[in-house]
Every structure is written in structure tokens, then in C-alpha cells.
Amino acid sequence: MMQTHSRLMFVELFVTEVMKLAEKGASSSQIIPFITFVLGGPGSGKGTQCAKIADTFGFAHLSAGDLLRKEMSSDSVNGAMIRDAIKEGKIVPSKVTVSLLCEAIELSKNHKILIDGFPRSDENRISFERITGREPDMVIFFDCPEEEMVKRVLSRNQGRIDDNIETVKKRLKVFSKLNLPVVNYYSGRGKVHKINGVGTIEEVFEKVRPLFASLSRSLQDGS
Ligand SMILES: Nc1ncnc2c1ncn2[C@@H]1O[C@H](COP(=O)(O)OP(=O)(O)O)[C@@H](O)[C@H]1O
Ligand SMILES: O=c1ccn([C@@H]2O[C@H](COP(=O)(O)OP(=O)(O)O)[C@@H](O)[C@H]2O)c(=O)[nH]1
Ligand SMILES: [Mg+2]
């Protein structure tokens, strides 16, 4: 895992390059966005922390699960297939999720993007990297014990078809078998910041904040 210090220096260098491009009059679509993947098991706090990062640091928050649920509720040809996958805790085919994400990245017009809950498998990851020609600049992984994740999911109360004990058990298996290899892959590339997801929402956010504070400073002064 790359040292936090050197990661932050990299982040600042990246921002400097983006600022130079913006000064030269490059349009937002020409500026390569800064992409952060936010990973962790079901109920580990990805969505909650992403909302706070978005509010505090001006990132666009793109939740793969939310995009899929929206698509599921529309009359799209993929609606029934997405519903079945979510109900069973399975992973929706990469091309569906990647195309929803690419559309959302384009629409957001933001060059600081959080991708919440994706990639969920090596196949997802490879598909995203191939289609976009991009790797994430940074990966955050919320590490949380299973009992805590189960407790949170079962009291989430958002009327989700997958927030029940049967589906959660399946999602935890999928998490260990398919999601964790993605975290390990990016760890090997020095991109992962592992955050302990236990504690109050504010306590966890205080561990997340430093990762973005330096990035935000660079954006403000353009140095
Ligand atoms: N640090 C925390 N402590 C206690 N409850 C939390 C914490 N973070 C999130 N929650 C709650 O747990 C549930 C799952 O959080 P969420 O952000 O939706 O997780 P994820 O997106 O990883 O599944 C939500 O009801 C949320 O309000
Ligand atoms: O890239 C993704 C993201 C989500 N899902 C599906 O959507 C469900 C809910 O995902 P979400 O990220 O909303 O759940 P969370 O981890 O936040 O509880 C997952 O279990 C999968 O069935 C998927 O197939 N691919
Ligand atoms: Mg979520």
C-alpha cells in the first residue's frame, strides 16, 4: 500500500495538471476527471460517507447501486434482469453498469468524481478500465466487521428489496469472493486507503477528511 504522504503528493500533482489544462481553455469534457472508487461491504458506510465527501469537497457522488435501482424502476429492457440480480445479491453484467456510469460521469460535468459501490468484481474492473481507458486515481475501502454491516443493513429502512437477512448473507459471500479481489488488486497498485468503518458517522468522516483536504486546497489556490 503506497504511503498516504506520497499518494497525497500525487493527488496534488494531478490537480495542478488539471488546473493548467483549465487555464488553457480546455473544455470540461477534455479535462480528465479525478476518479475515486469507494468500496466496502454492504452497510459499511460507503453511501453515507460519499454524501459527506460530496457536500464538503464538491465531488459528484455516483452510486452504481442507485443508478441500477433507477434503471430497474424505469421501463427499460434491463429492468427485470436488474431486479433479479439485486434481489439475489448477484452482480449485474458489467456492460449495463459501466454504460450507466459513463453516462453519469459525462452528465455530471464535474471533474471530481466518487464512484460508490463499483467495481464489485475483477470483471467489472476490467470492463471499466477497457471501456474508459482509465484506472481510478484513488480507492477508499471501508473495512467493517460482518456483524456491524448486517446490523446496519437490517435497520437501513429505505424499502430496498435486498435489505433482508437472506439477501444480506448472499451479498456478504459475494463481497468476500468477488469484491475483495478488486480491493487487493488496487492495493497492489498502491491506490487503496483502508479506513476502519467502525465508529460514529462523524468519527469515520474524520478519518476520510485528510484524504480530500489536500486535494481541495490545491484546487482552491491552483498551485
Ligand atoms: N458509522 C456509522 N455508524 C452507524 N450507522 C451508520 C454508519 N454509517 C452509516 N450508517 C447507517 O448504516 C446504514 C448503511 O449505510 P450506507 O451508507 O447505506 O452503507 P453502504 O452504502 O456501504 O451499504 C444506513 O442506514 C446508515 O445511516
Ligand atoms: O456495480 C454494481 C453495484 C451494485 N450492484 C447490485 O446492486 C446491489 C446493491 O448495491 P449498492 O451499492 O446499492 O449496495 P450497498 O453496498 O450500498 O448496500 C448489489 O448487491 C448488486 O446486486 C451491481 O450489480 N453492480
Ligand atoms: Mg450504498
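You'll find the structure just up there.
All of these numbers come straight from a predicted model, not from anything done at the bench. (Residues numbered from 1 in each chain as written. Chains lettered and ligands numbered in written order. Predicted model: local features only at pLDDT ≥ 70, side-chain atom pairs only at ≥ 80, totals over all residues. Heavy atoms only, no water.)

Here the focus is the overall build of the protein chain. A count of helical and extended segments in the protein chain gives nine helices and five strands. Along the chain direction, N to C, the helices and strands of the protein chain fall in the order α-β-α-β-α-α-α-β-α-β-α-α-β-α. The buried share of the protein chain, reckoned over its 223 residues, is 48%. The long-range share in the protein chain, meaning contacts at least 24 apart out of those at least 6 apart in sequence, stands at 76%. Of the roughly 11,300 Å² that the protein chain leaves accessible, carbon and sulfur atoms contribute 54%. (Helix = DSSP H or I, 4+ residues; strand = E, 2+ residues; numbered from the N terminus. Buried < 20%, exposed > 50% of the residue type's maximum accessible area, 1.4 Å probe, protein only. Contact = heavy atoms within 4.5 Å. Areas by Shrake-Rupley, 256 points an atom, 1.4 Å probe, with all protein chains shown as cover.)

Within the structure, ligand 1 sits among 13 residues, and Gly 43, Lys 46, Thr 48, Arg 156 and Gly 199 are positioned closest to it. With respect to ligand 1, the backbone of Gly 45 contributes an N or O atom lying 3.0 Å from an oxygen atom. Backbone polar atom of Ile 201 to a nitrogen atom of ligand 1: 3.5 Å apart, as the coordinates give it. Burial of ligand 1 by the surrounding chains reaches 77%, relative to a free accessible area of 560 Å². Assessed atom by atom at 2 Å from the grid points, ligand 1 resides in the largest pocket. For the shell around ligand 1, the leading source of residues is helix H2 (residues 46-57), giving three residues. Partitioned by chemical class, the residues of the shell around ligand 1 number two nonpolar, eight polar and three charged. (Near = heavy atom within 4 Å. Polar contact = N/O pair within 3.5 Å; in protein donor to acceptor, adjacent residues only side chain to side chain. 1 Å grid on protein atoms, 1.4 Å probe; cavity = no way out; pocket = protein on both sides within 12 Å on 5 of 7 lines; lining within 4 Å. Sits in = over half its atoms within 2 Å of the grid points. Nonpolar A, V, L, I, M, F, W, Y, C, P; charged D, E, K, R; others polar.)

Overall, the coordinates contain two cavities of 30 Å³ or more when judged by the stated rule. Empty space within the largest cavity amounts to approximately 60 Å³. Leu 39, Gly 40, Lys 46, Gly 117, Pro 119, Arg 120, Phe 175, Asn 179 and Val 183 together form the lining of the largest cavity. At the level of secondary structure, the elements contributing two or more residues to the lining of the largest cavity comprise strand S1 (34-40) and helix H8 (165-188). Here the lining of the largest cavity takes three residues from H8, the largest share from any one element. (Points joined across faces, edges and corners; volume = space filled by probe spheres on them.)

Near ligand 2, the surroundings consist of 20 residues, among which Lys 46, Arg 69, Lys 90, Val 92 and Arg 171 are the closest. Between ligand 2 and Lys 90 there is a distance of 2.6 Å, counted from an oxygen atom to a backbone nitrogen or oxygen. Relative to its unbound accessible area of 520 Å², ligand 2 is 96% covered by the protein chains. The pocket occupied by ligand 2, as judged from atoms lying within 2 Å of grid points, is the largest pocket. At the level of elements, helix H3 (64-73) and helix H4 (79-88) are the ones that each hand at least two residues to the shell around ligand 2. No other element matches the four residues that H3 contributes to the shell around ligand 2. When grouped by side-chain class, the residues that make up the shell around ligand 2 number eight nonpolar, four polar and eight charged.

Such coordinate-based values are descriptive only and should not be taken to indicate function.
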